[in-house]
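In case you want the letters, here they are:
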Amino acid sequence: MGSKIPEEKLKALIAFHGHWCPGLATGIKISEVVLDELGRTTDEEIVAVAETDNCAVDAIQFLTGCTVGKGNMIVKDLGKSAFSFYRRSDGKSLRIVSRPDAARGGGEEYRTLQEKSNEGALTPEESERFEALRRERSARILESEPESLFIIGEPLVPAPPFAPMKRSVLCDACGESVMETKARLCDGRVLCLACFERLVPRP
Ligand SMILES: [Zn+2]
Ligand SMILES: [Zn+2]
């Protein structure tokens, strides 16, 4: 499939993500760089910061072991196809950002169909054509050299601090358990954020 990651693994990734798409292909290429440079993490040894919440994030979680659930994938929805990775043991780090031409990609027809697709306005024929173009584009990304897709440099900010699990407290309004760092104290009552927003009028 044009990647050094075993085909079985890629099939499992596509099943996990739900479809095959250019974003997933981009995430696979990013993961290849990370696996080469930093290795795969099973614990929280490597931490990733994503500056987008797009399809690539799923590939990176699946392939590098940096996952939202473990807390070593921090997703910042900044709308940039950029990802930083930090290895805690020796401080080695890198930031991978899509080249502007690679990020736009696809040519005139692709972009026109993409816009129509975003508006849900594709005819069945256009939809078929768009799918074909997406498959082509995904395959092209997978076969590309990382250097042609990405600018690889140093992260712009230092590694995020460890975020150990915090104690939980009970919300005085709904009775549900909430992490103490996310709770609010209001007129002597402990409130979860949802109750705080519901019960305390904004100034
Ligand atoms: Zn996708
Ligand atoms: Zn509550």
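For clarity, every value in this text was computed on a predicted model and none was experimentally measured.

1. Structural notes on the domain arrangement of the protein
Link 1 in the chain: If you check the domain split of the protein, you get domain 1 (7-153) and domain 2 (168-199).
Link 2 in the chain: Relative placement of domain 1 and domain 2: their C-alpha centres are 37 Å apart.

2. Let's talk about the sheet that holds strand β4 (residues 93-98)
Link 1 in the chain: Strand order across the open sheet formed by five strands is β2-β1-β3-β4-β5, with mixed pairing between neighbours. Because the sheet does not close on itself, it has two edges, and the strands there are β2 (73-75) and β5 (150-153). For this sheet the average axis-to-axis angle between neighbouring strands, irrespective of direction, equals 15°.
Link 2 in the chain: Alignment of strand β1 (residues 46-50) against β2, held across three bridges, turns out to be parallel. When the bridges of β2 are listed, Val49 appears paired with Ile74.
Link 3 in the chain: Against the sheet, helix α2 (residues 22-37) touches β3 (82-87), β4 and β5, its axis set at about 160° to β4.
Link 4 in the chain: Along the sheet, helix α3 (residues 56-64) makes contact with β1, β2 and β3, crossing β1 at roughly 175°.

3. Considerations on the nonpolar core
Link 1 in the chain: Of all hydrophobic cores here, the largest spans 34 residues; its most connected members are Ala48, Ala59, Ile60 and Phe83.
Link 2 in the chain: Of all the secondary structure elements, the ones that give two or more residues to this core are α1 (7-17), α2, β1, α3, β3, β4 and α6 (124-143).
Link 3 in the chain: With six residues, the top contributor of residues to this core is α3.
Link 4 in the chain: Once you skip the residues sitting within four places of it in the chain, Phe83 turns out to touch Ile30, Ala48, Ala50, Glu51, Ile60 and Ile96.

4. Examining α2
Link 1 in the chain: With 16 residues, α2 extends 23 Å from end C-alpha to end C-alpha; this agrees with the ideal 22 Å at 1.5 Å per step.
Link 2 in the chain: Those residues of α2 that fall on the buried side of the exposure criterion are Pro22, Gly23, Leu24, Ala25, Thr26, Gly27, Ile28, Lys29, Ile30, Ser31 and Val34.
Link 3 in the chain: Looking at the buried residues of α2, the elements they touch are α1, α3, β3, β4, α6 and α7 (146-149).
Link 4 in the chain: Just past α2, the residue Gly39 takes up positive phi, approximately 90°.

5. Observations concerning the environment of Ser93
Link 1 in the chain: Tracing the chain through its elements places Ser93 in strand β4.
Link 2 in the chain: In the structure, Ser93 is positioned 46 residues away from Val47 in sequence and 9.4 Å away in space, judged by C-alpha atoms.
Link 3 in the chain: Those residues in contact with Ser93 that sit more than four places away from it in its chain are Ser84, Phe85, Tyr86, Arg87, Glu154, Pro155 and Ala159.

6. Here's the deal with the packing of α2 against α6
Link 1 in the chain: Where α2 contacts α6, the two axes come as close as 8 Å, and the packing angle between them is 5°. On the basis of the axis angle, α2 is roughly parallel to α6. Contacts from Pro22, Ala25, Thr26, Ile28 and Lys29 of α2 reach α6 at Arg134, Arg137, Ser138, Ile141 and Leu142.

7. Considering the environment of Thr67
Link 1 in the chain: Looking at the element boundaries, Thr67 is found in the loop between α3 and β2.
Link 2 in the chain: The exposure class of Thr67 is partly exposed, given the 16 C-beta atoms found within 10 Å.
Link 3 in the chain: Separated by 20 residues in the primary sequence, Thr67 and Val47 place their C-alpha atoms 8.7 Å from one another.
Link 4 in the chain: For Thr67, the residues in contact, after removing those within four places along its chain, are Gln61, Asn72 and Met73.

8. With respect to the packing of α1 against α3
Helix-helix packing is characterised by the crossing angle of the two axes and by the distance between the axes.
Link 1 in the chain: It is the contact of α1 with α3, at a shortest axis distance of 10 Å, that shows an interaxial angle of 135°. Accordingly, the angle class assigned to the pair α1 and α3 is oblique. Of the two elements, α1 crosses α3, and the hand of that crossing is right-handed. Contacts from Leu13, Phe16 and His17 in α1 reach Asp58, Ala59, Phe62 and Leu63 in α3.
Link 2 in the chain: Tallied by class, residues from the contact of α1 with α3 come to five nonpolar, one polar and one charged.

Rules used in this analysis
Residues numbered from 1 in each chain as written. Chains lettered and ligands numbered in written order. Predicted model: local features only at pLDDT ≥ 70, side-chain atom pairs only at ≥ 80, totals over all residues. Domains from an automatic or database assignment. Pairing = 2+ DSSP bridges. Helix = DSSP H or I, 4+ residues; strand = E, 2+ residues; numbered from the N terminus. Axes fitted to C-alpha atoms, helices over the stretch in contact; angles between N-to-C directions. Contact = placed C-beta atoms within 7 Å. Core = buried A, V, L, I, M, F, W, Y, C linked by C-beta atoms within 7 Å. Buried ≥ 20, exposed ≤ 12 C-beta atoms within 10 Å, placed from the backbone. Expected span 1.5 Å × (residues − 1). Parallel < 35°, antiparallel > 145°, perpendicular 65-115°, else oblique. Left-handed = near helix turned anticlockwise from the far one by under 90°. Nonpolar A, V, L, I, M, F, W, Y, C, P; charged D, E, K, R; others polar.

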